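Residue-level listing of the chains:
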Amino acid sequence: MANENQTVNTDFYLVGFSDVPELQGLLFCVFVSVYLMIAAGNLIIMTVVYSDRRLHTPMYFFLSNLSFVDIGYTSVIFPKMLVGFSLEDTHISFKACMLQLYFFVALIVVEIVLLSIMAYDRYVAICNPLHYAIIMNKEVCLKLATGAWIIGFLEPIVHTILISNFSFCQTHQINHFFCDITALMKLSCTSTRNVEIMSFTLGVIVPIFSIILIITSYVKIISAILKIKTTAGRQKAFSTCASHLTVVVLYYGSLMFVYLRPASTYSVGQSKVLSFLYIALSPMCNPIVYTLKNQEFKNALKRRKGGNGKISGHKDCE
């Protein structure tokens, strides 16, 4: 009971990227700039997709969901981190830490599922174009998106409950810039082996199924593209998948390297850098990757600037 009370009432302190006072101002400027770029870029995508009916298609519907998730999980991490830089207040209560952990993992899982759904959408568009509008209709899009959010918010419940029952009787300094699951395990004075095994098992189920779906989709997509006779046709088909594939490689590469490895190989410095890659760089780059060579989106952005955002017409997933 004493350990339980200690756990419930434990306050933590986030070490962050550096404890050197002279670097706090510089880090604050860097991270607030990154956060504003993430928010602005993804808000632009959501606003343009919502306002232009020509973009009311499955691809842009799922992309706007992805943008919302990117804003969501960066907002779970960045504000507290920025407060630490500006006010030197690294304190975070036990409940706030558990909430941060829960919502962060939930939104990460939502993004993982969305990326696999987007791969399936591209597979249907390229491999079965004549039936695309029927297969990926409005109802199907809504069900797939809803399923991603339900899976995301159910998956971390067990993780959070297990972590919240730890007894933290050592130092309460979390050597990370947020309440990371592995960093929290390092603080526990009780055995975490069973929790590590269970968390690892639960943590790989969704990503593994997602990766299998993505790989299967792209194997069939590449096979279909190679059968296209004209070079222009192959380039056009591949361009519709290149952005998504780039994001998948960047996102999954850093995510798996951080979490899908034994705790014995855990490196704090390396973990922080890699965590930054998928927490900050990925959502910051997504708007650029998805829209830089997307003429359809650029045309919609021009129409919105010109005051012609509302376009007549009908598409799926309105």
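In this text, all values refer to a predicted model and were calculated from it rather than measured experimentally.

Draft legend 1. Representation of the packing of helix H4 (residues 94-127) against helix H6 (residues 138-154) in the model. H6 packs onto H4 with a crossing angle of 145° between their chain directions and a minimal axis gap of 7 Å. Judged by the twist between their axes, the crossing of H4 over H6 is right-handed. Touching Tyr102, Phe103, Ala106, Leu107, Val109, Val110, Val113, Leu114 and Ile117 of H4 are Leu144, Ala148, Trp149, Ile151, Gly152 and Phe153, all from H6. Looking at side-chain class alone, the contact of H4 with H6 contains 14 nonpolar, 1 polar and no charged residues.

Draft legend 2. Spotlight on the packing of aromatic side chains. Under the criterion given, the structure shown has 15 aromatic pairs. Seen in terms of ring centroids, Tyr73 and Phe104 are 6.2 Å apart; in terms of plane orientation they differ by 80°. Their pairing is edge-to-face. Linking Tyr73 in helix H3 (residues 58-87) with Phe104 in helix H4, this pair joins segments that are 31 residues apart in sequence. On the basis of relative accessibility, which here comes to 0%, the residue Tyr73 falls in the buried class. Taken together, Phe68, Tyr102, Phe103, Trp149 and Phe153 form an aromatic cluster joined through their ring pairs.

Draft legend 3. How the structure looks around the pattern of salt bridges. Counting across every chain of the model gives 3 salt bridges. Measuring nitrogen to oxygen at the nearest pair gives 2.8 Å for the salt bridge that ties Arg303 to Asp52. Within this pair, whereas Arg303 is found in helix H12 (residues 295-305), its partner Asp52 is found in the loop between helix H2 (21-51) and H3, the two being separated by 251 residues in sequence. The buried category is assigned to Arg303, whose relative accessible area is 17%. A residue is classified by how much of its surface remains accessible, and Asp52, at 0% relative accessible area, is buried.

Draft legend 4. Quick look at the pairing of strand S1 (residues 11-14). With burial as the criterion, only one face of S1 is covered, namely that bearing Phe12 and Leu14; the residues Asp11 and Tyr13 on the opposite face remain uncovered. Where S1 meets strand S2 (residues 91-93), 3 bridges bridge the pair, whose relative direction is antiparallel. Paired with Tyr13 across the two strands is His91, which belongs to S2. Sheet analysis places S1 next to strand S3 (residues 173-174), joined by 2 bridges and oriented parallel. Among the inter-strand pairings, Leu14 is bridged to a residue of S3, identified as Ile174.

Draft legend 5. The sheet that holds S3, seen in detail. Spatial strand order, S2-S1-S3: 3 strands in an open sheet with mixed pairing. For this open sheet the edge positions go to S2 and S3, each flanked by a neighbour on one side alone.

Draft legend 6. Inspection of the state of the cysteines at higher detail. This model, assessed by the stated rule, comprises 1 disulfide. For Cys97, the disulfide goes to Cys179, at an S-S distance of 2.0 Å. Disulfide Cys97-Cys179: torsion about the S-S bond near -130°, hence left-handed. A residue pair is termed long-range when its members are at least 10 positions apart, and Cys97 in helix H4 and Cys179 in the loop between S3 and helix H8 (181-187) qualify at 82 residues. The pair Cys97 / Cys179 is uniform in exposure class, with both members buried. Cysteine Cys241 is unpaired, with the sulfur of Cys127 as its nearest cysteine sulfur at 8.5 Å.

Draft legend 7. The packing of H4 against helix H7 (residues 156-164), seen in detail. In contact at an axis separation of 9 Å, H4 and H7 are set at 155° when each is read in the N-to-C sense. Taken as axis vectors, H4 and H7 run roughly antiparallel relative to one another. Our pair here, H4 against H7, has a crossing hand that is right-handed. On H7, the residues touching Phe94, Met98, Leu101, Tyr102, Val105 and Ala106 of H4 are Pro156, Ile157, Thr160, Ile163 and Ser164. Considered class by class, the residues forming the contact of H4 with H7 number 9 nonpolar, 2 polar and no charged.

Draft legend 8. Summary view of the side chain of Glu111. Considering the arrangement of structural elements, one finds Glu111 in helix H4. Nearest to the buried, unbridged Glu111 among oppositely charged side chains is Arg122, at 16 Å. Residues in contact with Glu111, not counting those within four places in the same chain, are Leu66, Val69, Asp70, Tyr73, Tyr251 and Asn286.

Draft legend 9. Summary view of the environment of Ser164. Positionally, Ser164 belongs in helix H7. Considered as a pair, Ser164 and Cys97 are 67 residues apart in the sequence and their alpha carbons are 9.5 Å apart. Of the polar contacts made by the side chain of Ser164, one reaches the backbone oxygen of Ile161; its length is 2.8 Å.

Draft legend 10. Structural detail: the side chain of Ser282. By the secondary structure assignment, Ser282 is in helix H11 (residues 268-291). In this structure Ser282 comes out as buried when scored by relative accessible area, which is 0%. Look past the residues within four positions of Ser282 in its chain and what remains in contact with it is Val247, Leu250, Tyr251 and Leu277.

So, how was this worked out
- Residues numbered from 1 in each chain as written.
- Predicted model: local features only at pLDDT ≥ 70, side-chain atom pairs only at ≥ 80, totals over all residues.
- Heavy atoms only, no water.
- Axes fitted to C-alpha atoms, helices over the stretch in contact; angles between N-to-C directions.
- Helix = DSSP H or I, 4+ residues; strand = E, 2+ residues; numbered from the N terminus.
- Left-handed = near helix turned anticlockwise from the far one by under 90°.
- Contact = heavy atoms within 4.5 Å.
- Nonpolar A, V, L, I, M, F, W, Y, C, P; charged D, E, K, R; others polar.
- Phe/Tyr/Trp six-rings, centres within 6.5 Å; stacked < 30°, edge-to-face > 60°.
- Buried < 20%, exposed > 50% of the residue type's maximum accessible area, 1.4 Å probe, protein only.
- Salt bridge = Lys/Arg side-chain N within 4 Å of Asp/Glu carboxyl O.
- Pairing = 2+ DSSP bridges.
- Disulfide = S-S within 2.5 Å.
- Parallel < 35°, antiparallel > 145°, perpendicular 65-115°, else oblique.
- Lys, Arg positive; Asp, Glu negative; His and termini not counted.
- Polar contact = N/O pair within 3.5 Å; in protein donor to acceptor, adjacent residues only side chain to side chain.

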